[in-house]
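Listed here are the chains, written in short residue letters.
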Amino acid sequence: MILNTTKELFLVYLPEILLTGILIALLFTDLSQKKYKVKGAITLIAAGLIAAITILISVSGWMMGEISTGSDYVIAVNDGYGLILRGMIMFTFLVVILLTYLDKELLAEKMRQGQLYILLVSFLPAMMISVTSVDLLLTYVTVEFMSLISYVLAGYIRLSEKSSEASIKYFLYGASASAVMLFGISLIWGAAGTFQYNEIRDFLTETKGSYALFGAGFLMVVLGMGYKMASAPFHFWSPDVFEGSAISVTSLFAVTTKVAAFGIFARIVHTFFPVFSDAALAQAIKANLNYDAIIMVLSISSMFIGNIAALRQNNIKRLLAYSGISHAGFILSALLISNAESVSSLLAYIIIYAIMNIGAFLTSTILVRYSESEEISSFKGLGYKHPLTAVSLVIFVVSLIGLPPTAGFFVKFYLFTNLIDSGYLVIALIALLNTVISIYYYFNLLRTLYQPEEKEISESVFSLPMIYYILLLMLVTPVIIFGVWFTPVINLSSNFGKILGIN
Amino acid sequence: MSITLTHFIAVSAVLFSLGLFAILTRRNSVTILMGLELILNAANLNFVAFARFSDTPFRGDVAVLIVIVIAAAETAVALAIFINIFRNFGSIDPNEIKTLKE
Amino acid sequence: MEYFDYYFYFFSFIVLASAAVVVFSKNLLYAAVGLLTTLVGISGLFFLLDARFLAFIQVLVYVGGVLVFIVYGIMLTNRIRDLQFKTEFHFVIPALVLTGILAGFIIKGAMEFREAALGKVLKNIELNQIALILFNDYLIVFEILGLLLLVILIAASSIARK
């Protein structure tokens, strides 16, 4: 079904349009108010997000099809895969927006608060459209949109040397990566004569085009997207940028933009190389362009580099950055799976990864607020003082390791069985080995929480608002429930997670 | 010898390499930014040159328009970040800026 | 089509020579002037490829806008009084090897790809064709670019001010 009337386009993109409207409203309130009300802005954005999620489920979810504005050219698709990712982006963003209220560093500058929320909300339309895109130009523009705002937000803490440094490093490496990616897109355009994913796939299956140009272009696109996903060997920016930025901005980079980046990259790989829908075709393409070797290198190096570097980190944000790099390796390995459950194991991992990682960021933000420091050693004794937060962190961390009875265990189990089923036993074993390595540094974090305090710290005046306990409960519940009853996630991701045009 | 598509692609490939060389070797942020502009222009040349031999020639032209807008936005952000960092460090040499540990 | 060849070599020489100035000059202001002539040369190549509208836009936006930004960047972030526009190099040899390999690879790919003489290309590029594609097929991209420019304005002004 082609969606091309004004009404259909309006309804499909209604969540994005609503959020852009909220952006405009924020702009006007920033201009008209003398004293900016942070609470008001957060409430407005949160209400908008909840409304947008409802619209996504109740309106856009019923209009699957190819999106075309004007002539027959299909520029984006509205499919189950895109819907799940759009929903996850909004859900994690909701947590990030509530987190900003706890972030002392970010809100210290009164003059900048109004613009801060405008910039944060502007992420959403770009990210949500990017996961529906099937056109390389639209993908490039939305990725660049996210990146440009990220560079600014990384340096948002005024007169902080660390923050400015994070910003310039992020900019110089990131802009170089996306310029190279653009050059890669121009080579793909040269080889295939089109920007649209499906037409590029048709070009690849004809087996008469120039694979040398396409291969060079595809490698450059992998470089650009690998940078966005923070997968090794393009990961080097991530720990520095995470450490330099304010913690709520870090959680945005670590969870929300990564969900979008994985979504874009997985759609590109799955559409270009239709492994599980047409195996013979995939073999023909593989003979000319060994793309799964590229993904294997990215995946294995991300797992090892992320986990080994994480062993000697003492800053909570750097630890989570390296943990994110190693999880990028796990998610990339899901792209190798060639059986029918390929997309569903990828989506299940992304969903659970987003929930447990945003939960880990939420709890660590609260702990940082209690201990007034981002060093892990300063968390000593917090496990006894603030049992609810600490227990939630324990649950999220156990899930990040992948131990039962949490959702992290089942999602890894599902991934490993599918990897072995597709004949990648070695990759599954490497992933298992990395899971074992990761136990060490995650448990180090947990042990610190329950160590006795060395010296008496004066009682913190900060008391957590009630809403954050509800939020913690909202995030802990799925991690526990899906750990023992995993069918809903598999059903959701396998029945609903279809990429339009390939299956 | 008449000019073919390969001639144009050769120019753009050399331009891309020069830009990449600037990014990899230069130590001043503004020079790196100029290297980025070289790469973007090489890509633009590719878009138009390949478009002239494709079935849908105008799509390449539209891509160039879009890239020009993105390049302008990127430069604006770059300038703001440079000013911000210059205020904090008094320099925009990325090698002199080392607060974050390796 | 002899003239065409001369024009091509002339503009390519301008582009590559001034790009080399951008990359190898140790004085930032010379590099900016080199970038200026590179951009003008690219605009000339666009003319040769019958992309006249793009050639004008290239001069208007790039040379008029982006380059002025970069010169501002140089002026604002260097100590003008000391005239310290000098910069240095690092990692020269590995970068030379890497970029050489890449350039060779791309040119090789282009050579084996399609050999077509430029004399046969379409002669009349209509501006309305570009407009039709931009406002029909790429309407979403156009909308996003509009939003992007608004947000970049806010972002840049909010971190650059005191």
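Residues numbered from 1 in each chain as written. Chains lettered and ligands numbered in written order. Predicted model: local features only at pLDDT ≥ 70, side-chain atom pairs only at ≥ 80, totals over all residues. Heavy atoms only, no water.

A. Up close: the overall build of chain A. Scanning chain A for helices and strands turns up 22 helices and three strands. In terms of C-alpha radius of gyration, chain A reaches 22 Å, essentially the compact-globule figure of 23 Å for 503 residues. With respect to the principal axes defined by its C-alpha atoms, chain A has extents near 75 × 55 × 40 Å. Each of the 503 residues in chain A was classed as buried or not, and the buried ones make up 69%. A separation threshold of at least 6 residues defines the contact pool for chain A, and within that pool the share at least 24 residues apart is 80%. In the structure as shown, chain A presents an accessible area of about 15900 Å², 68% of it carried by carbon and sulfur atoms. (Helix = DSSP H or I, 4+ residues; strand = E, 2+ residues; numbered from the N terminus. Rg over C-alpha atoms; globule rule 2.2 N^0.38 Å. Buried < 20%, exposed > 50% of the residue type's maximum accessible area, 1.4 Å probe, protein only. Contact = heavy atoms within 4.5 Å. Areas by Shrake-Rupley, 256 points an atom, 1.4 Å probe, with all protein chains shown as cover.)

B. Quick look at a nonpolar patch on the surface. Residue and element names in this part refer to chain C. A surface patch of nonpolar side chains, amounting to about 460 Å² of accessible area, comprises V92, I93, L96, V97 and I101. Residue placement: I101 occurs in helix α4 (residues 92-113). The exposure class assigned to I101 is exposed, which follows from its relative accessible area of 57%. (Patch = residues over 30% accessible without salt bridge, like charges linked within 9 Å, V, L, I, M, F, W, Y side chains within 5 Å. Salt bridge = Lys/Arg side-chain N within 4 Å of Asp/Glu carboxyl O.)

C. Layout of the interface of chain A and chain C. Listed by partner, the interface residues are 41 residues for chain A and 27 residues for chain C. For the pair chain A and chain C, the two sides together bury roughly 2900 Å², of which 77% comes from carbon and sulfur. For the interface between chain A and chain C, the tally reads zero salt bridges. Linking chain A with chain C are six residue pairs in polar contact (both at pLDDT 80 or more), by the criterion used here. At the level of elements, α2 (14-32), α6 (113-130), α7 (136-154), α8 (161-192) and α10 (211-229) of chain A are the ones that each hand at least two residues to the side of chain A that touches chain C. (Buried area = accessible area lost by both parts, 1.4 Å probe. Polar contact = N/O pair within 3.5 Å; in protein donor to acceptor, adjacent residues only side chain to side chain.)

D. Spotlight on the side chain of T448(A). Residues and elements named next belong to chain A. By the element assignment, T448 lies in helix α20 (residues 425-449). Accessibility expressed as a relative area gives 8% for T448, which makes it buried. Each residue touching T448, except ones within four places of it in the same chain, is listed here: I376, S377, F379, K380 and G381.

E. Focus on empty space enclosed by the protein. All names here are of chain A. Using the criterion set out here, one finds five cavities of 30 Å³ or more in the structure. Estimates place the volume of the largest cavity at around 90 Å³. M146, S150, Y170, Y227, K228, W237, F253, T257 and A261 together form the lining of the largest cavity. Here the element with the most residues in the lining of the largest cavity is helix α12 (residues 247-272); it accounts for three residues. (1 Å grid on protein atoms, 1.4 Å probe; cavity = no way out; pocket = protein on both sides within 12 Å on 5 of 7 lines; lining within 4 Å. Points joined across faces, edges and corners; volume = space filled by probe spheres on them.)

F. The packing of helix α1 (residues 5-25) of chain B against helix α2 (residues 28-48) of chain C, seen in detail. Where α1(B) contacts α2(C), the axes come no closer than 12 Å and their chain directions differ by 160 degrees. Relative to α2(C), the element α1(B) lies roughly antiparallel. Here the hand of the crossing between α1(B) and α2(C) comes out left-handed. Seen from α1(B), the contacting residues are F8(B), V11(B) and L15(B); seen from α2(C), they are T38(C), I42(C), L45(C) and L48(C). Each residue belonging to the contact of α1(B) with α2(C) can be placed in one class, and the counts come to six nonpolar, one polar and no charged. (Axes fitted to C-alpha atoms, helices over the stretch in contact; angles between N-to-C directions. Parallel < 35°, antiparallel > 145°, perpendicular 65-115°, else oblique. Left-handed = near helix turned anticlockwise from the far one by under 90°. Nonpolar A, V, L, I, M, F, W, Y, C, P; charged D, E, K, R; others polar.)

G. Looking closely at the sheet that holds strand β3 (residues 76-78) of chain A. Strand order in the open sheet formed by three strands is β1-β2-β3 (chain A), and the pairing between neighbours is mixed. At either end of the open sheet lies a strand with only one pairing partner, and these are β1 (2-3) and β3 of chain A. (Pairing = 2+ DSSP bridges.)

H. Looking closely at the pattern of salt bridges. Applying the stated criterion to the full structure yields 13 salt bridges over all chains. A salt bridge links D137(C) to R59(B), with the shortest nitrogen-to-oxygen separation between them at 2.4 Å. In this pair, D137(C) is assigned in helix α5 (residues 127-137) and R59(B) in helix α3 (residues 58-89), connecting two distinct chains. With respect to burial, D137(C) and R59(B) carry one shared label: buried. Notably, a salt bridge pairs D50(C) with R52(C), separated by 3.3 Å at the nearest N-O pair. A residue is classified by how much of its surface remains accessible, and R52(C), at 37% relative accessible area, is partly exposed. Residues joined in a network through salt bridges with shared partners are K162(A), E165(A), K169(A), D240(A), E243(A) and R318(A).

The values are spatial; any link to function lies outside them.
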